[in-house]
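# Architecture and fold: a report
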Number of protein chains: 2
Amino acid sequence: MVEYYLGADAGGTGLKYALTDSDGSLLHHGEVITDPTSSKKTIARLAIEVAEKMAPTVQVGKGPFANLQAVGLACAGIVNPNSGNLGRSPNLLGWEGNNLKRILANEFSDKPTVVTNDVNGALYGEYRLGAGRDCENLVMIALGTGVGGGILLNGELLTGAHHGAAEIGHMVLDPSGPTCTCGGVGCLEAWAGSVAILKQARLLARVENQDTALALLVAEKGDSLSPHHLSQLAEDGDAASRALFTEVGHRLGCAIGNLVNLLDPEKIIIGGGVAQAGDLILDSCRGIVPQLVLAEEARHVPIVQAELGPLSAARGAASLARESVIGG
Amino acid sequence: MVEYYLGADAGGTGLKYALTDSDGSLLHHGEVITDPTSSKKTIARLAIEVAEKMAPTVQVGKGPFANLQAVGLACAGIVNPNSGNLGRSPNLLGWEGNNLKRILANEFSDKPTVVTNDVNGALYGEYRLGAGRDCENLVMIALGTGVGGGILLNGELLTGAHHGAAEIGHMVLDPSGPTCTCGGVGCLEAWAGSVAILKQARLLARVENQDTALALLVAEKGDSLSPHHLSQLAEDGDAASRALFTEVGHRLGCAIGNLVNLLDPEKIIIGGGVAQAGDLILDSCRGIVPQLVLAEEARHVPIVQAELGPLSAARGAASLARESVIGG
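### Considerations on the overall build of chain A
What chain A contains, in helices and strands, is 10 helices and 10 strands. For a compact globule of 328 residues, the expected C-alpha radius of gyration is about 20 Å, and chain A comes in at 21 Å, within 12% of that figure. With the C-alpha coordinates of chain A rotated into their principal frame, the extents come out at 70 × 45 × 35 Å. A total of 328 residues make up chain A; the buried ones form 54% of that total. The long-range share in chain A, meaning contacts at least 24 apart out of those at least 6 apart in sequence, stands at 63%.

### Remarks on the interface of chain A and chain B
Reports of interface size often rely on the accessible area that becomes lost once the parts have come together. Contacts between chain A and chain B engage 35 residues on the former and 35 residues on the latter. Sorting elements by how many residues they give to the side of chain A that touches chain B places helix H8 (residues 239-263) of chain A first, with six residues. Taken together, the residues of the side of chain A that touches chain B sort by class into 19 nonpolar, 11 polar and five charged.

### A look at the pairing of strand S6 (residues 138-143) of chain B
All names here are of chain B. Counting buried residues along S6, six of its six residues qualify, which places the element largely inside the surrounding structure. Alternating positions in S6 separate into two faces, Leu 138, Met 140 and Ala 142 on one and Val 139, Ile 141 and Leu 143 on the other, with burial throughout. Across six bridges, S6 lies against strand S7 (residues 147-153) in antiparallel orientation. Bridged to Ala 142 within S7 is Gly 148. Taking the residues that link successive antiparallel strands as the turn, the S6-S7 hairpin has three residues.

### Brief notes about the sheet that holds strand S7 (residues 147-153) of chain A
Residue and element names in this part refer to chain A. Reading across the sheet, the five strands line up as S8-S7-S6-S9-S10 and stay open at both edges, with mixed pairing between neighbours. Taken across any chain shown, the strands that pair with only one partner, and hence form the sheet edges, are strand S8 (156-157) and strand S10 (303-305). Packed on one face of the sheet, helix H3 (residues 118-129) meets strand S6 (138-143), S7, S8 and strand S9 (267-271) and runs near 50 degrees to S7.

### Brief notes about the relation of the copies chain A and chain B
Once turned by 180 degrees and shifted 0.0 Å along the axis, chain A lies on chain B with an RMSD of 0.0 Å. Taken together, the turn and the small shift mark the pair as related by a two-fold rotation axis. Nearest to the rotation axis, the C-alpha of Asp174(A) is located 2.4 Å from it, this being the minimum over chain A. Comparing contact sets, 100% of the residues at the interface of chain A also lie at the interface in chain B, consistent with an isologous, same-surface contact.

### Quick notes on the nonpolar core
In this structure, Leu6(A) and Leu6(B) are the most contacted members of the largest nonpolar core, which totals 222 residues. In this view, Leu6(B) contacts Tyr17(B), Leu19(B), Val50(B), Leu68(B), Val71(B), Ala318(B) and Ala321(B); residues no more than four positions away in its chain are not counted.

### Focus: the sheet that holds S6(B)
Residue and element names in this part refer to chain B. The sheet built from five strands is open, its strands ordered S8-S7-S6-S9-S10 with mixed pairing. The open sheet has two free edges, formed respectively by strand S8 (156-157) and strand S10 (303-305), since each of these has just one partner strand. Of the strand pairs in this sheet, strand S9 (residues 267-271) and S10 are connected by three bridges, and their pairing is parallel. Bridge pairing links Ile 268 to Ile 303 in S10.

### A short note on the packing of helix H7 (residues 227-235) of chain B against helix H8 (residues 239-263) of chain B
Residue and element names in this part refer to chain B. As a packed pair, H7 and H8 sit with axes 7 Å apart at the nearest point and diverge in direction by 115 degrees. Seen from above, H7 lies across H8 with left-handed handedness. Together, Leu 230, Ser 231, Leu 233 and Ala 234 of H7 and Ser 241, Arg 242, Leu 244 and Phe 245 of H8 make up the contact between the two elements.

### Digging into the domain arrangement of chain A
Residues and elements named next belong to chain A. Splitting chain A by domain gives domain 1 (4-126 + 310-326) and domain 2 (135-306). One C-alpha centre belongs to domain 1, the other to domain 2, and the line joining them spans 28 Å. On the domain 2 side, the residues contacting the 14 residues of domain 1 number 14 residues. No other element matches the seven residues that H3 contributes to the side of domain 1 that touches domain 2. Its residues assigned to classes, the side of domain 1 that touches domain 2 comprises seven nonpolar, five polar and two charged.

### Overview of the pairing of strand S5 (residues 113-117) of chain A
Residue and element names in this part refer to chain A. Of all the five residues making up S5, five are buried; the element is thus mostly covered by neighbouring parts of the structure. Where burial is concerned, the two faces of S5 agree: the one with Thr 113, Val 115 and Asn 117 and the one with Val 114 and Thr 116 are both buried. Taken together, the five bridges between strand S4 (residues 68-75) and S5 define a ladder with parallel strand orientation. Opposite Gly 72, over in S5, you have Val 114 as the bridge partner. On the question of chirality, the crossover connecting S4 to the parallel S5 by way of helix H2 (residues 100-107) is right-handed.

### Focus: helix H10 (residues 312-326) of chain A
Residues and elements named next belong to chain A. Between the first and last C-alpha of H10 there are 21 Å, a value that for 15 residues agrees with the 21 Å anticipated at 1.5 Å per step. Burial of H10 is extensive: 11 of the 15 residues sit out of reach of the surface. Every buried residue belonging to H10 is among Ser 312, Ala 313, Ala 314, Arg 315, Gly 316, Ala 317, Ala 318, Ser 319, Leu 320, Ala 321 and Arg 322, and all of these are buried. Residue Gly 327 follows H10 closely and has a positive phi angle near 85 degrees.

### Digging into unusual backbone geometry
A positive phi angle is found at Asp110(A), which is not glycine, with a value near 60 degrees. Tracing the chain through its elements places Asp110(A) in the loop between H2 and S5. On the basis of neighbour count, Asp110(A) is assigned to the exposed category, with 10 C-beta atoms found within 10 Å. Of note in this structure, Asp264(B) is not a glycine but carries a positive phi near 45 degrees. Relative to the assigned elements, Asp264(B) resides in the loop between H8 and S9.

### Examining the confidence of the model for chain A
Across chain A, pLDDT averages 95, with 100% of residues at or above 70. Across the interfaces of the predicted complex, the ipTM metric reaches 0.95, alongside a pTM of 0.95.

### Details of helix H9 (residues 279-292) of chain A
Count 3.6 residues to each turn of an α-helix, and residues three or four apart come out pointing the same way. All names here are of chain A. Here H9 is 14 residues long and its end C-alpha atoms lie 20 Å apart, about the 20 Å a rise of 1.5 Å per residue gives. Here H9 has its buried residues at Leu 280, Ile 281, Ser 284, Cys 285, Val 289 and Leu 292. Elements that come into contact with the buried residues of H9 comprise helix H7 (227-235), H8 and S10.

### So, the packing of H8(B) against helix H9 (residues 279-292) of chain B
Residues and elements named next belong to chain B. Packing of H8 against H9 brings their axes to within 7 Å, and their N-to-C directions diverge by 35 degrees. As for how H8 packs across H9, the hand of that crossing is right-handed. Along the contact surface, H8 presents Arg 242, Phe 245, Thr 246, Val 248, Gly 249, His 250, Leu 252, Gly 253, Cys 254, Ile 256, Gly 257 and Val 260, while H9 presents Leu 280, Ile 281, Leu 282, Asp 283, Ser 284, Cys 285, Gly 287, Ile 288, Val 289 and Leu 292. The residue inventory of the contact of H8 with H9, partitioned by class, reads 13 nonpolar, seven polar and two charged.

Basis of the calculations
Residues numbered from 1 in each chain as written. Chains lettered and ligands numbered in written order. Predicted model: local features only at pLDDT ≥ 70, side-chain atom pairs only at ≥ 80, totals over all residues. Helix = DSSP H or I, 4+ residues; strand = E, 2+ residues; numbered from the N terminus. Rg over C-alpha atoms; globule rule 2.2 N^0.38 Å. Buried ≥ 20, exposed ≤ 12 C-beta atoms within 10 Å, placed from the backbone. Contact = placed C-beta atoms within 7 Å. Nonpolar A, V, L, I, M, F, W, Y, C, P; charged D, E, K, R; others polar. Pairing = 2+ DSSP bridges. Axes fitted to C-alpha atoms, helices over the stretch in contact; angles between N-to-C directions. Least-squares fit on C-alpha atoms with pLDDT ≥ 70 in both. Core = buried A, V, L, I, M, F, W, Y, C linked by C-beta atoms within 7 Å. Left-handed = near helix turned anticlockwise from the far one by under 90°. Domains from an automatic or database assignment. Right-handed = clockwise from strand over helix to strand, strands pointing away. Expected span 1.5 Å × (residues − 1). pLDDT = per-residue confidence, 0-100.

Here it is in structure tokens:
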């Protein structure tokens with residue numbers, strides 16, 4: 001009998017899931033649509049789909065989840081992994097205040113459950129299966145719409161006394177910097193999240209000559225403009241968009257300098273959609289970090305791209321679920 | 001028979017020590033002169049003085065350290081607590097590269113030893129016996145000549161993968177800020193260490209009218225000017241020196257905002273000589289922190305003064321020594 005572990009990652013539009021075996025190998029994966037007004041409806045959808053996937057392996061007469069050992073859910077927002085409560089969650093407003101552990105247990109026949117923050121889930125996935133698998137002390141920075149963070153120390157996720165730790169995106173780097181979505185000024189997210197990058201690209205397009213490649217791209221793509229479009233332009237040699245990513249990398253490096261001086265991790269993992277710009281960002285980032293780190297031995301901390309892609313948080317949640325029942 | 005535990009704190013000019021019983025109560029304390037060119041000579045001096053203090057309790061025929069259970073040494077600089085090696089140590093240049101555990105064992109009849117960084121020692125002292133004794137997750141910021149830091153998570157000191165963690169003084173707060181002693185720009189230490197405070201006071205005295213209270217104080221004290229003189233002037237109502245401490249508190253608060261967003265500790269402890277300025281610094285510090293912290297529950301983290309005074313690192317080192325042999 002195959003023992004299944006389920007990990008899921010609830011975002012504002014979709015909930016990705018991964019079914020793994022007891023070695024963490026991926027058996028099935030998929031996505032259901034998130035109902036941002038109801039965690040219960042979304043998780044019920046997940047349960048139906050997962051039951052279908054596992055049905056061929058279930059003996060007649062046993063319940064649909066007979067082979068499921070544990071369930072993990074990663075969720076954007078402030079997650080209390082002990083109680084299972086979701087606090088502030090800008091992308092899942094209708095889920096705020098819900099007890100996700102209880103809802104998972106209801107929908108999955110009282111199987112053991114774990115819940116975690118989405119970037120913590122992604123970091124745990126990279127730790128067990130991806131870019132961090134040879135380390136116990138890691139920092140992850142996820143460059144998405146905003147900028148999220150995760151910190152792993154001695155193989156344990158750092159959540160903090162009030163589940164408010166690892167908000168790396170809101171480290172203030174420059175009090176005369178741009179305004180951030182959080183209302184603060186000069187946070188890392190105000191340079192390195194995709195909202196900030198697109199805003200900066202549009203600003204450059206407005207102030208520059210209207211027939212530059214960047215201005216033409218911004219005009220052509222309109223509201224569908226993405227960091228990926230900009231990184232393609234940069235790869236093609238456009239100086240303005242290259243400079244934009246260089247600046248993102250520089251600011252990211254400033255944040256990493258502070259992080260290394262505080263935590264001295266073994267490795268820094270950069271994930272999220274914006275990280276696909278790769279060396280366009282990482283070259284300038286890697287250039288500044290050694291200048292900022294005090295301890296000589298800590299100066300050349302590897303700064304690497306995440307390896308697991310969009311399923312990282314779901315696979316990390318599956319790993320956490322598995323370890324909650326069979327140990328690490 | 002009284003069981004003794006020895007903790008010591010090696011600074012650039014003096015080595016303070018504390019002898020405690022198995023409850024951590026202070027039995028004796030004192031100070032020997034540091035020889036900054038020789039850790040061996042300094043620790044030999046300590047051994048002679050400690051043997052004298054314990055002599056009345058030692059049975060005839062037993063060695064001088066018969067009642068000593070373990071020895072802990074806190075030392076400024078980058079300390080490897082596993083190997084016992086001291087790395088970079090600006091105040092103890094002649095000690096760099098020494099194996100402090102081996103030297104302690106040689107001078108103290110092969111008793112069990114522990115070594116730690118000085119601010120980590122002070123933090124551990126505050127954790128066990130002082131301002132942090134009800135918590136397991138603490139950050140300490142020591143405002144001395146420079147600015148040191150310590151981080152305690154789940155009751156364990158965070159030292160990092162290369163013993164380079166908790167360098168809170170070199171968090172960059174503003175890339176257009178003043179130059180720091182480390183060669184960087186806009187580090188916390190460039191505002192909040194006593195070197196920075198005195199520099200700023202002398203600058204203000206020069207640019208201001210020469211008969212202001214601050215200018216007169218600076219002229220009168222010359223090279224002996226200390227942060228304590230400035231805080232006395234501020235307590236007497238002098239606006240310029242008050243503004244100077246307000247700025248120190250503001251920058252300290254910016255650093256704490258970043259720290260809380262990263263670590264979400266239960267309490268922040270401010271120690272070191274400059275911290276004696278108390279509310280002159282802490283009022284503005286406490287004012288800015290809640291504006292910078294993202295997680296609502298983490299916003300009102302208590303920011304308190306250290307309680308143990310100049311013996312904190314020696315007492316913390318004694319606690320670490322005690323726990324290395326009898327458990328926490």
